[in-house]
Amino acid sequence: MFFASDNTSGVAPQIMAAMVRANEGYMKSYGADAIMARVRARIRALFEAPEAEVHLVATGTAANALSLALITQPWAAVFAHETAHIAVDECGAPEFYTGGAKLIGIPGEHGKVTPEGLSRALGSIGESGVHGVQRGCLSLTNVTEAGTVYTPAEIAALTALAKARGLPCHLDGARFANALVATGATPAEMTWKAGIDVLSFGGTKNGCMGVEAVVLFDPSKAWELELRRKRAGHLFSKHRFLSAQFEAYLEGDLWLTLAQNANAMGQSLVQGLARVPGASLRHPAPANMLFPWLAPGTNARAAERGAQYYAMQEGAREYARFVASWSTTQDDVDALISALCP
Ligand SMILES: *Cc1c(COP(=O)(O)O)cnc(C)c1O
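Conventions and cut-offs
- Residue numbers restart at each chain and count upward from 1, following the sequence in its written direction.
- Only residues with pLDDT of at least 70 are given local features in this predicted model, and only at 80 or more are side-chain atom pairs given and counted; all residues enter the totals for whole chains, interfaces and linings.
- Water and hydrogen atoms play no part in the side-chain values, which are based on all heavy atoms of the structure.
- The helix and strand labels rest on DSSP assignments: H or I over at least four residues marks a helix, E over at least two residues marks a strand, and numbering proceeds from the N terminus.
- Per-residue accessibility, obtained with a 1.4 Å probe over protein chains only, is compared with the maximum for each type, and a residue is labelled buried under 20%, exposed over 50%, and partly exposed between these values.
- Each polar contact in these results corresponds to two N or O atoms within 3.5 Å; when the atoms are within protein, one needs to be able to donate a hydrogen and the other to accept it, and residues that are neighboring in sequence are counted only if both atoms are side-chain atoms.
- Contacts are residue-level and defined by heavy atoms, with any inter-residue pair within 4.5 Å sufficient.
- The directions considered for the arc are those from the helix axis to the C-beta atoms.
- Paired strands, in this sense, are two strands between which DSSP finds at least two bridges.
- Convention adopted: a line fitted to C-alpha atoms gives each axis, helices being fitted over their contacting stretch, and angles between N-to-C directions are expressed from 0 to 180 degrees.
- For a helix, the expected span equals 1.5 Å multiplied by the number of residues minus one.
- Domains are outlined according to an automatic or database domain assignment.
- A side-chain nitrogen of Lys or Arg and a carboxyl oxygen of Asp or Glu constitute a salt bridge if their distance falls within 4 Å.

(A) Region of interest: the side chain of asparagine 142. Mapped onto the elements of the fold, asparagine 142 is located in the loop between strand 4 (134–141) and helix 7 (152–164). Classification of asparagine 142 as buried rests on a relative accessible area of 0%. From its side chain, asparagine 142 meets the backbone nitrogen of tyrosine 150 in a polar contact 2.9 Å long. With residues up to four places along the chain from it excluded, the contact list for asparagine 142 reads Thr148, Val149, Tyr150, Ile155, Leu171, Asp172, Gly173, Arg175, Phe176, Ala179 and Met190.

This is the structure:
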């Protein structure tokens with residue numbers, strides 16, 4: 001009963017096998033491996049973006065912070081939801097890598113930035129000339145930190161507001177596959193067609209050992225990213241092991257198959273909650289992450305029975321975060337639901 005996060009799961013066997021295969025013999029280092037050339041071509045085809053540039057890193061924090069550094073001046077603001085991973089879960093890495101850019105947290109129900117919220121923030125920053133920070137970029141997250149998803153149309157509405165001010169747009173896609181499965185959108189529809197310039201394309205949470213792709217739809221910044229990645233200590237020397245993970249991840253649409261399982265188990269949990277007295281969803285949960293309100297004492301009981309997840313409290317009310325992964329089974333879901341029941 002491991003529902004704390006999708007990164008408590010292991011590595012998908014197809015990806016582990018690819019890493020073992022990549023271990024044979026010698027290959028060029030630092031991203032010059034032949035596997036990386038195939039990954040780049042594959043991502044370009046997948047996103048219908050023949051010019052896109054692709055760089056791999058080992059953590060999502062590196063992907064986000066390097067992406068933001070590429071599109072934000074040190075004296076500028078990054079507009080993001082107030083609960084965004086970049087704002088609350090990266091130990092200041094975006095501020096550090098951008099050289100001091102200011103993160104502006106935008107409130108919004110269910111983890112989502114709204115056009116009204118973004119308009120308000122855009123109108124309140126960058127209005128005091130040399131004395132205040134300037135407007136820098138917009139960063140959205142899909143699947144959001146609240147487990148909700150943006151449709152491509154919702155993303156396009158937000159990026160349009162940013163673009164009207166000349167701001168580039170980043171998407172934190174640590175759970176990009178889960179967002180696509182939940183919406184039925186194509187990779188292109190969810191990104192550049194909706195105004196996204198830079199994507200952190202997650203692999204780790206969805207079955208890889210540790211790899212995320214930074215996808216630049218505007219390739220003019222590719223060399224700068226190359227330099228920033230190296231300077232930050234994030235250029236993997238035996239890079240073939242990052243490439244091999246991503247190649248196997250995309251092979252035969254494995255990434256979508258893995259996310260389909262995670263989302264299906266998320267939906268099975270949503271259904272199972274109907275059997276848990278006093279449980280109700282705090283946010284809509286169309287993907288693999290849910291936040292149910294729970295009756296008093298439920299978290300303690302489930303913990304005693306061995307369920308592992310984030311138990312939380314708001315005022316006197318208790319709630320939980322459950323995340324299903326590529327490897328979650330129906331038995332795991334049934335066990336958790338039983339542990340929650342009196
Ligand atoms: C997990 C996660 C990341 C990446 O985190 P790392 O621990 O640095 O790999 C980024 N964004 C979101 C929304 C996440 O959930």
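Further notes follow.
(B) Main features of the environment of arginine 228. Take arginine 228: it is sitting in helix 10 (residues 222–231). The exposure class assigned to arginine 228 is partly exposed, which follows from its relative accessible area of 29%. With 137 residues separating them in the primary sequence, arginine 228 and cysteine 91 have C-alpha atoms 19 Å apart.

(C) Seen up close, helix 6 (residues 115–124). Along helix 6, the residues classified as buried are Gly117, Leu118, Ala121 and Leu122. Along the axis of helix 6, the buried residues cluster in a sector spanning 130°; they form a single face. In helix 6, the exposed positions angled more than 90 degrees off the buried face are occupied by Glu116, Arg120 and Ser124. Of the surrounding elements, those touching the buried residues of helix 6 are strand 2 (76–81), strand 3 (102–106), strand 4 and helix 7. Of the residues one or two after helix 6, glycine 126 is the one with positive phi, at around 80°.

(D) Highlighting the sheet that holds strand 2. Taken together, seven strands build an open sheet; the order of strands is 1-7-6-5-4-2-3 and the sheet is mixed. Unpaired on one side and paired on the other, strand 1 (53–57) and strand 3 mark the two borders of the sheet. Strand-to-strand, the axes of this sheet are offset by a mean angle of 20°, without reference to chain direction. Pairing analysis gives four bridges linking strand 4 to strand 5 (residues 169–173), with the strands arranged parallel. By the bridge assignment for strand 5, threonine 141 is matched with aspartate 172. Packing against the sheet, helix 6 makes contact with strand 2, strand 3 and strand 4, and its axis sits at approximately 145° to strand 3.

(E) Broad picture of helix 7. Helix length check: helix 7, at 13 residues, gives a terminal C-alpha distance of 18 Å against a target of 18 Å (1.5 Å per residue), a fit within 8%. Among the residues of helix 7, Ile155, Leu158, Thr159 and Ala162 are the ones counted as buried. Each buried residue of helix 7 lies within a common arc of 95° when the element is viewed along its axis, so the set occupies one face. Exposed residues lying more than 90 degrees from the buried face of helix 7 are Ala153 and Ala164. Buried-residue contacts for helix 7 involve helix 6, strand 4, strand 5 and helix 9 (187–190). Positive phi shows up at glycine 166, right after helix 7, with a value of about 80°.

(F) How the structure looks around the domain arrangement of the chain. Domain boundaries in the chain define domain 1 (13–253) and domain 2 (255–340). The gap between the C-alpha centroids of domain 1 and domain 2 is 27 Å. On the domain 2 side, the residues contacting the 25 residues of domain 1 number 20 residues. Our enumeration of links across domain 1 and domain 2 arrives at zero salt bridges. At the junction of domain 1 and domain 2, the tally comes to eight residue pairs in polar contact (both at pLDDT 80 or more). Of all elements in the fold, only helix 8 (176–183) and helix 11 (240–250) reach the threshold of two or more residues within the side of domain 1 that touches domain 2.

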